[in-house]
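Okay, here's what each chain looks like letter by letter:
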Amino acid sequence: GAAHRKEGYLFKKSSRAGRSRTASLAGQVSKIPPNSLGGGDGWKRLWFVLEGGQLHYYKHVKPHKPSAARPGEMSERVINLLICSVHPRAREKGKRFCFEVVSPYNSYALQAESEADRTEWVEAIRAAIEHSIFSLEGPVRHPPTAADGGESEAP
């Protein structure tokens, strides 16, 4: 529902391990390209949307990269939070307000624009993860009532 939606800017740091790591939230995040071995600090400010148990983020399509989208358009990446955990992260080389979204396959280093914003993001992502897990369990079963044909106390 609306309680599990958040959007805004975050900074996302890319993996340097040779494969792209992505995150999805509503907001902007900073990202480091996987092949970046210097030049800049590797963080990019991206727009993130947290909705429906998924964290979406959007980046511009680069002119030299083949893609379904045309250069200059936005490309969407999605993280399924069902298999993720989230936790605040220790300060990183001059960066504050960092947190991490971890899946079995990737780790996404993110930086909010303030301590309050980091707290909101971490809490919203945790709530979305919990909601995704509990929604897998199906509806809660209640004991039968008179309307279901169960015993009733006649007036």
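Note that the structure is a prediction, hence the values are computed from the model and not measured.

Visitor: I would appreciate a short explanation of the packing of aromatic side chains in the present structure.
Guide: Remark: the centre distance and the inter-plane angle together describe each pair of aromatic rings, the angle taken between the planes. The tally for this structure, following the rule as stated, stands at 2 aromatic pairs. Taken together, a centroid distance of 4.7 Å and an interplanar angle of 75 degrees make the contact between Tyr9 and Trp47 edge-to-face. Of the two residues, Tyr9 sits in strand 1 (residues 6-13) while Trp47 sits in strand 2 (residues 43-51), which places them 38 residues apart along the sequence. For the ring pair Phe48 and Tyr57, a centre distance of 5.2 Å and an interplane angle of 25 degrees mean the geometry is stacked.

Visitor: Sorry if this is basic, but what is going on with the pairing of strand 6 (residues 98-102) here?
Guide: Within strand 6, 4 of the 5 residues are buried, leaving the element largely enclosed by the surrounding structure. As judged from the 5 bridges shared by strand 6 and strand 7 (residues 107-111), these two strands associate in the antiparallel manner. Bridge pairing links Val102 to Ser107 in strand 7. In this antiparallel pair of consecutive strands, strand 6 and strand 7, the connection spans 4 residues.

Visitor: Would you explain the side chain of Asp117 in this entry?
Guide: Looking at where Asp117 falls in the secondary structure, it is placed in helix 1 (residues 115-136). Setting aside residues no more than four positions away along its own chain, Asp117 makes contact with Lys6, Tyr9, Leu10 and Ala112.

Visitor: How should the nonpolar core be read in this particular structure?
Guide: In this structure, Leu55, Leu81, Phe99, Val101, Trp121 and Ile125 are the most contacted members of the largest nonpolar core, which totals 22 residues. For this core, the secondary structure elements donating two or more residues are strand 2, strand 3 (54-60), strand 6, strand 7 and helix 1. The element that contributes the greatest number of residues to this core is helix 1, accounting for 6 residues.

Visitor: Help me understand the pattern of salt bridges in this model?
Guide: Working definition: two side chains of opposite charge can pair if their charged atoms are close together. Taken as a whole and assessed by the stated rule, the structure comprises 7 salt bridges. Linking Arg5 and Glu7 is a salt bridge whose minimum nitrogen-to-oxygen distance equals 2.3 Å. Taking the relative accessible area as the measure of exposure, Arg5 reaches 37% and is therefore partly exposed. Residues Glu51 and Arg5 are paired through a salt bridge, measuring 2.7 Å at the closest nitrogen-oxygen approach. Highlighted residues: Glu51 in strand 2 and Arg5 in the segment before strand 1, separated in sequence by 46 residues. The class of Glu51 is partly exposed, set by a relative accessible area of 39%. Overlapping salt bridges bring together Arg5, Glu7 and Glu51 as one network.

Reading the values: the criteria
- Residues numbered from 1 in each chain as written.
- Predicted model: local features only at pLDDT ≥ 70, side-chain atom pairs only at ≥ 80, totals over all residues.
- Heavy atoms only, no water.
- Phe/Tyr/Trp six-rings, centres within 6.5 Å; stacked < 30°, edge-to-face > 60°.
- Helix = DSSP H or I, 4+ residues; strand = E, 2+ residues; numbered from the N terminus.
- Buried < 20%, exposed > 50% of the residue type's maximum accessible area, 1.4 Å probe, protein only.
- Pairing = 2+ DSSP bridges.
- Contact = heavy atoms within 4.5 Å.
- Core = buried A, V, L, I, M, F, W, Y, C linked by side-chain atoms within 4.5 Å.
- Salt bridge = Lys/Arg side-chain N within 4 Å of Asp/Glu carboxyl O.

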